[in-house]
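# Fold and contact review
Below are the chains, spelled out letter by letter.
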Amino acid sequence: MTAPQSRYRRAMAIPVGMAMATALAFLPNVTASAADATTAVADDAPSLSYVVNVGPGHGTSAHVKKAIAKVGGTVVISYDRIGVIVVHSANPDFAKTLRTVRGVDSVGATRNAPLPAQSTTDVGTPKVLSAEEVADAQAADGQDPLEPLQWDLPAIKADKAHEKTLGSRDVTVAVIDTGVDDTHPDIAPNFDRGASANCVSGKPDTTDGSWRPSAAESPHGTHVAGEIAGAKNGVGITGVAPGVKVAGIKVSTTAGYFYTEAVVCGFMWAADHGVDVTNNSYYTDPWYFNCKDDPDQRALVDAITRASRYAEKKGTVNVAAAGNESYDLASDSITDPVSPNDGTPSDRVIDPHKCYDIPTQLPGVVTVAATGAKGIKSSFSNYGLGVIDIAAPGGDSTAYQKPEPPATSGLILGPLPGGKWGYMAGTSMATPHVVGVAALIKSTHPHAPAALVKALLYAEADATPCTDPYDINGDGKVDAVCEGVKNHNGFYGWGTADALAAVTK
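This text gives an overview of the structure that appears in the document. These numbers were taken from a predicted model, which means no experiment stands behind them. (Residues numbered from 1 in each chain as written. Predicted model: local features only at pLDDT ≥ 70, side-chain atom pairs only at ≥ 80, totals over all residues. Heavy atoms only, no water.)

A tally of helices and strands in the protein chain yields 12 helices and 20 strands. Within the protein chain, the proportion of its 505 residues that are buried is 61%. Element-wise, carbon and sulfur atoms account for 53% of the exposed surface of the protein chain, whose accessible area totals about 17700 Å². (Helix = DSSP H or I, 4+ residues; strand = E, 2+ residues; numbered from the N terminus. Buried < 20%, exposed > 50% of the residue type's maximum accessible area, 1.4 Å probe, protein only. Areas by Shrake-Rupley, 256 points an atom, 1.4 Å probe, with all protein chains shown as cover.)

Right, here's the structure in full:
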């Protein structure tokens, strides 16, 4: 699947039956004139958002604050602990001028579109279950009504893990996404309001319900939240870790863009509110890949790297989707046709070793590839030796990977806003499976730091050898080449996530 279709980084919904609209998945010294004279800006100039990165650990210096103001900037919020300042300015030379200021490490525009301005990793349009389909589901004793349709749970042994434990109420996961409908009956019992917020502006808003998506916005975050922690309560589906708490941190604009200031806010909020694991099924807009030889893009990588590292140091495991474009993220070059996606995109050839999909390729982040109902790499999933850390069910076309009955769809079933359920697919759907397993590990080892949780996640994964040859559509042509060995390769990383091992080892 190619990038132009959706910016929810890792979710992909392949149309099946009744449809509901949603995003696809488918990322020196200041000069005297600058410091001492306020820059004149045209009254009708568009205001853009910027991140200004300075030395961390101290309050923003008066010198830098003065420089920001003098070149027409207004500080929205300053994250002093990591040295990231979110600024709005209508001065087209704001970044260029501020880069000359002593104490400023980097400055970058976070967008091309004027304020206010989607990038999830789901694929396609969700297929909503009808009331009749919900009523017709036949569950065994101890199962939630729709659980027989969830082939993905036994694929990672989550059904067996639930016989041991559902996870601890002391563990909280956060869905950094399009928003979470906490009124959904599968989410409400486990929702953590205190760890939820709206971070779209870059500054947290804790107004009641601010974390929810509107009717016009994507159901992506709600689906993801349910996959992780859907309650085992006799209603709907069951999550991978149905006993843990889940929070919603909304970071996408109404139009579905995930901008840097919002993502930084999301990581910082999670870190400071006791979140154990974050789910990141998106890429940071507007660049699919951010090249560090570009001053704007370098600043975006810098800001989010600081925020994600801060979260990990506070004990948070950050998990991100690999993407749905069938890219080899370990190759020498990739053609990126969609950046900047809020401006005028054009084909550009990038080196993924120098240009980064963020937060997916950031150090310390767990990168997740998707598998289908037959346990092999999903047709759309990105891959790459040394990039992919682990794999989990994200769904695939039933024509490629058909599940065993009673499941009928090769996609992933989860909740949708408004008390509904539906199927979606993408690395967006694979990531919450890994987040759920990480939450079970944290439940089993409550004092484990983030590094140990990750180490256990990889060590306990089921080693999955390369699929060779990989001809997903059976046309006789190789669709992707897997490099590596059984215990570590470009399709499945250290293996397929294992929920049972998470609660027994």
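Back to the text.
A few words now on the pairing of strand β2 (residues 73-79). In regular strands, side chains alternate between the two faces of the sheet. Summarising the sheet, β2 and strand β3 (residues 84-89) pair through 6 bridges and their orientation is antiparallel. Across the sheet, S78 pairs through a bridge with I85, a residue of β3. With antiparallel pairing between neighbouring strands as the criterion, β2 and β3 make up a hairpin whose turn holds 4 residues, including G83 at a positive phi of roughly 70°. (Pairing = 2+ DSSP bridges.)

Together, K292, R298, R309 and K313 line one region of the surface with positive charge. Assignment of secondary structure puts R309 in helix α9 (residues 295-313). (Patch = residues over 30% accessible without salt bridge, like charges linked within 9 Å, V, L, I, M, F, W, Y side chains within 5 Å. Salt bridge = Lys/Arg side-chain N within 4 Å of Asp/Glu carboxyl O. Lys, Arg positive; Asp, Glu negative; His and termini not counted. Charge placed at Lys NZ, Arg CZ, Asp CG, Glu CD.)

Moving on, we come to the state of the cysteines. As enumerated under the stated definition, the model contains 3 disulfides in all. Sulfur-sulfur distance for the disulfide between C199 and C265 comes to 2.1 Å. With the S-S dihedral at roughly -60°, the linkage between C199 and C265 falls on the left-handed side. With a gap of 66 residues between them, C199 in the loop between β7 (197-198) and α7 (220-229) and C265 in helix α8 (residues 260-272) connect regions that are remote in the sequence. For the pair formed by C199 and C265, the shared burial category is buried. Linked covalently through their sulfurs, C291 and C355 form a disulfide whose S-S length is 2.1 Å. Between C291 and C355 the sulfur-sulfur dihedral comes to about 110°; the bridge is accordingly right-handed. (Disulfide = S-S within 2.5 Å.)

Before going further, it helps to examine the packing of aromatic side chains. All chains considered together, the criterion is met by 12 aromatic pairs. Where Y383 meets F491, the ring centres are 5.3 Å apart and the plane angle is 80°; that geometry is what we call edge-to-face. Of the two residues, Y383 sits in the loop between β15 (366-371) and β16 (390-393) while F491 sits in the loop between β20 (488-489) and α12 (499-504), which places them 108 residues apart along the sequence. Residue classification places Y383 among the buried positions, given a relative accessible area of 8%. Centre to centre, the rings of Y458 and W494 are 6.4 Å apart; their planes meet at 25°, and the pair counts as stacked. Residue Y458 is found in helix α11 (residues 450-459), and its partner W494 is found in the loop between β20 and α12; the two are separated by 36 residues along the sequence. What links up through ring pairs into an aromatic cluster is the set Y283, Y288, F289 and Y327. (Phe/Tyr/Trp six-rings, centres within 6.5 Å; stacked < 30°, edge-to-face > 60°.)

α9 packs onto α8 with a crossing angle of 10° between their chain directions and a minimal axis gap of 8 Å. One element, α8, and the other, α9, form an angle in the roughly parallel class. In this structure, α8 uses T260, V263, V264, F267, M268, A271 and D272 to contact α9, whose residues at the interface are L300, A303, I304, A307, S308, Y310 and A311. Here the contact of α8 with α9 is built from residues that sort into 11 nonpolar, 2 polar and 1 charged. (Axes fitted to C-alpha atoms, helices over the stretch in contact; angles between N-to-C directions. Parallel < 35°, antiparallel > 145°, perpendicular 65-115°, else oblique. Contact = heavy atoms within 4.5 Å. Nonpolar A, V, L, I, M, F, W, Y, C, P; charged D, E, K, R; others polar.)

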